[in-house]
Amino acid sequence: MKPTRKSLIAAAIVLTASLAIVFLVNKGKQKHEADIFAMDTYMQITVYGRHGDEAVQKAVEKIKRLEGELDASVINAESGVTLTDGGEYLLKRSMELKDMTDGTFDITIYPIVKAWGFPDKNYRVPSEEEIQKLLENKDTNLQYDFGGIAKGYTSDKIAKLMIENGVKSAILNLGGNVMTIGKKPDGSDWKVAIKSPDTSMENLGVLSVYDKAVITSGGYERCFEADGKSYHHIIDPKTGYPAESGLVSVTIISKDATLADALSTALFVMGKDNAIVFWRKYADNFDFVLYDNKGELYVSEGIADSYLAAMEYEVVKR
Ligand code: ADP
Ligand code: MG
């Protein structure tokens, strides 16, 4: 059968339309990336879609700026340095979070963190007297440690910047602190693996999320050994010593990355039982994955359906 003029035109239209669709789909999938080292950690920024390169560039600039603003050695009121707007906000927010978490998250911990040698990696075990003195003077201290909240705050700021720049799909990994913006370009959820503290397992599990932060605190992340004992960087503000709550890894899932970062540190200090009591009070605002030194895994109800793990876990109900 000879093709008619009409059917040829129709075929041409169909072909052009499908080519246009393929082109548009690929446009949407255009991937723009940057790897940078900032805030003492490796960071990856991945943005999909048109103008993503511009958004990545802006994000890198913003991270560099925030790094300078939030550096503990800069935020030293005694040296006469005044806080920037971002610093002022984070100081206020941190003080609220200190109240909310019954002092388990406390940015006035800086002199103690410093005494242990964590900021400059000159690790040492301070004497009992030294710790006692620092604890007594903690409330009058004017040096703030944003190390436990800065990356979460930065995630929130970058997510906002992305959205303002029309980005629909992006993922940030700020040294293991993950922030998802929108969904994947194909419309599916992001898969975020939670790092395992020991090498025997590939990961603690994989979360399916979108528009949320997934932030983990682990004692294994930064630690040193002295006299056969291991000391890590999450300090119990009540004792001045590395928290020994029985928890090994704490992941917080929330729309609010600043909150998630502070709570990952706070719940690590609280320990499993207190962490669960705390969560029941604020379950609308966040979810958790807790892993303890007995190898038990606990997952809060709100994300249990989106969590996939090779090992068994207990779902914690409200
Ligand atoms: P990471 O930096 O590995 O993501 P965290 O978010 O838990 O881990 O932050 C740990 C950092 O927070 C420490 O290096 C220290 O600077 C600071 N810090 C330690 N203990 C506390 C605490 N109890 N409250 C607030 N900040 C803390
Ligand atoms: Mg934290």
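Residues numbered from 1 in each chain as written. Chains lettered and ligands numbered in written order. Predicted model: local features only at pLDDT ≥ 70, side-chain atom pairs only at ≥ 80, totals over all residues. Heavy atoms only, no water.

A few words on the site of ligand 1. Lining the immediate environment of ligand 1, one finds 17 residues, of which Asp106, Asp145, Ser217, Ile235 and Thr265 sit closest. Within the contact set of ligand 1, an oxygen atom lies 3.1 Å away from a backbone nitrogen or oxygen of Gly148. Between ligand 1 and Asp261 there is a distance of 3.0 Å, counted from an oxygen atom to a side-chain nitrogen or oxygen. Grouping the constituent residues of the shell around ligand 1 by class yields 6 nonpolar, 7 polar and 4 charged. (Near = heavy atom within 4 Å. Polar contact = N/O pair within 3.5 Å; in protein donor to acceptor, adjacent residues only side chain to side chain. Nonpolar A, V, L, I, M, F, W, Y, C, P; charged D, E, K, R; others polar.)

A separate point is the sheet that holds strand 11 (residues 287-292). Pairing in this open sheet of 9 strands is mixed, and the strands run 1-2-3-4-7-10-11-12-14 from one edge to the other. The open sheet has two edge strands, strand 1 (31-38) and strand 14 (314-316), and neither has a second partner. Strand-to-strand twist in this sheet, taken as the mean axis angle between neighbours without regard to direction, amounts to 10 degrees. Relative to strand 10 (residues 247-254), strand 7 (residues 213-218) runs antiparallel, the two sharing 6 bridges. Bridging across to strand 10, Ile215 finds its partner in Ile252. Taken strand by strand, helix 6 (residues 150-164) contacts strand 2 (41-48), strand 3 (169-174), strand 4 (177-181) and strand 7, and its axis lies near 160 degrees from that of strand 3. Across the face of the sheet, helix 7 (residues 257-270) comes into contact with strand 4, strand 7 and strand 10 while running at roughly 160 degrees to strand 10. (Pairing = 2+ DSSP bridges. Helix = DSSP H or I, 4+ residues; strand = E, 2+ residues; numbered from the N terminus. Axes fitted to C-alpha atoms, helices over the stretch in contact; angles between N-to-C directions. Contact = heavy atoms within 4.5 Å.)

Moving on, we come to the coordination of the magnesium ion (ligand 2). Donor atoms from the polypeptide that coordinate the magnesium ion (ligand 2) comprise Gly148 (O), Asp261 (O), Asp261 (OD) and Thr265 (OG1), at 2.2 to 2.6 Å from the metal. Counting gaps between the donor residues of the magnesium ion (ligand 2) yields the pattern G-x112-D-x3-T. Residue Gly148 is located in the loop between helix 5 (128-136) and helix 6, and its partner Thr265 is located in helix 7; the two are separated by 117 residues in the primary sequence. Since its relative accessible area comes to 18%, Gly148 is described here as buried. (Donors = N, O, S within 2.8 Å, 3.2 Å for Na, K, Ca; no water. Buried < 20%, exposed > 50% of the residue type's maximum accessible area, 1.4 Å probe, protein only.)

Tallied over the full model, the rule gives 14 salt bridges. Asp106 is the partner of Lys138 in a salt bridge, and the nearest nitrogen-oxygen pair spans 2.5 Å. On the criterion of sequence distance, the pair formed by Lys138 in the loop between helix 5 and helix 6 and Asp106 in the loop between helix 3 (85-100) and helix 4 (110-115) is long-range, its members being 32 residues apart. You can call Asp106 buried: its relative accessible area is 6%. Here Lys272 ties to Asp273 by a salt bridge, and the two come within 3.5 Å at their closest N and O atoms. Overall, Lys272 belongs to the partly exposed group, its relative accessible area being 24%. Connected through salt bridges with shared partners, the residues Asp40, Lys121 and Arg222 form a single ionic network. (Salt bridge = Lys/Arg side-chain N within 4 Å of Asp/Glu carboxyl O.)

Quick look at the sheet that holds strand 6 (residues 203-209) now. Overall, antiparallel pairing links the 3 strands, which are arranged 5-6-13 in an open sheet. Two strands lie at the open edges of the sheet, namely strand 5 (190-195) and strand 13 (307-308), each paired on one side alone. Here strand 5 pairs with strand 6 via 6 bridges, running antiparallel. Within the sheet, the bridge partner assigned to Val192 lies in strand 6 and is Leu207.

What follows deals with helix 2 (residues 52-70). Compared with the 27 Å implied by 1.5 Å per residue over 19 residues, the 26 Å span of helix 2 between its first and last C-alpha is a close match. For helix 2, the full list of buried residues reads Gly52, Ala55, Val56, Ala59, Val60, Lys62, Ile63, Leu66 and Leu70. Its buried side turned inward, helix 2 meets strand 1, strand 2, helix 3, helix 6 and strand 3. (Expected span 1.5 Å × (residues − 1).)

All right, on to unusual backbone geometry then. Located in the positive-phi region is Met39, a residue other than glycine, with phi close to 55 degrees. Structurally, Met39 can be placed in the loop between strand 1 and strand 2. Owing to a relative accessible area of 15%, Met39 belongs among the buried residues under this scheme. Positive phi values are uncommon outside glycine, yet His51 reaches one of about 60 degrees. Looking at the element boundaries, His51 is found in the loop between strand 2 and helix 2.

With that settled, the discussion passes to the side chain of Lys62. In this fold, Lys62 is placed in helix 2. Dropping the residues within four chain positions of it, Lys62 is found in contact with Lys157, Ile158 and Leu161.

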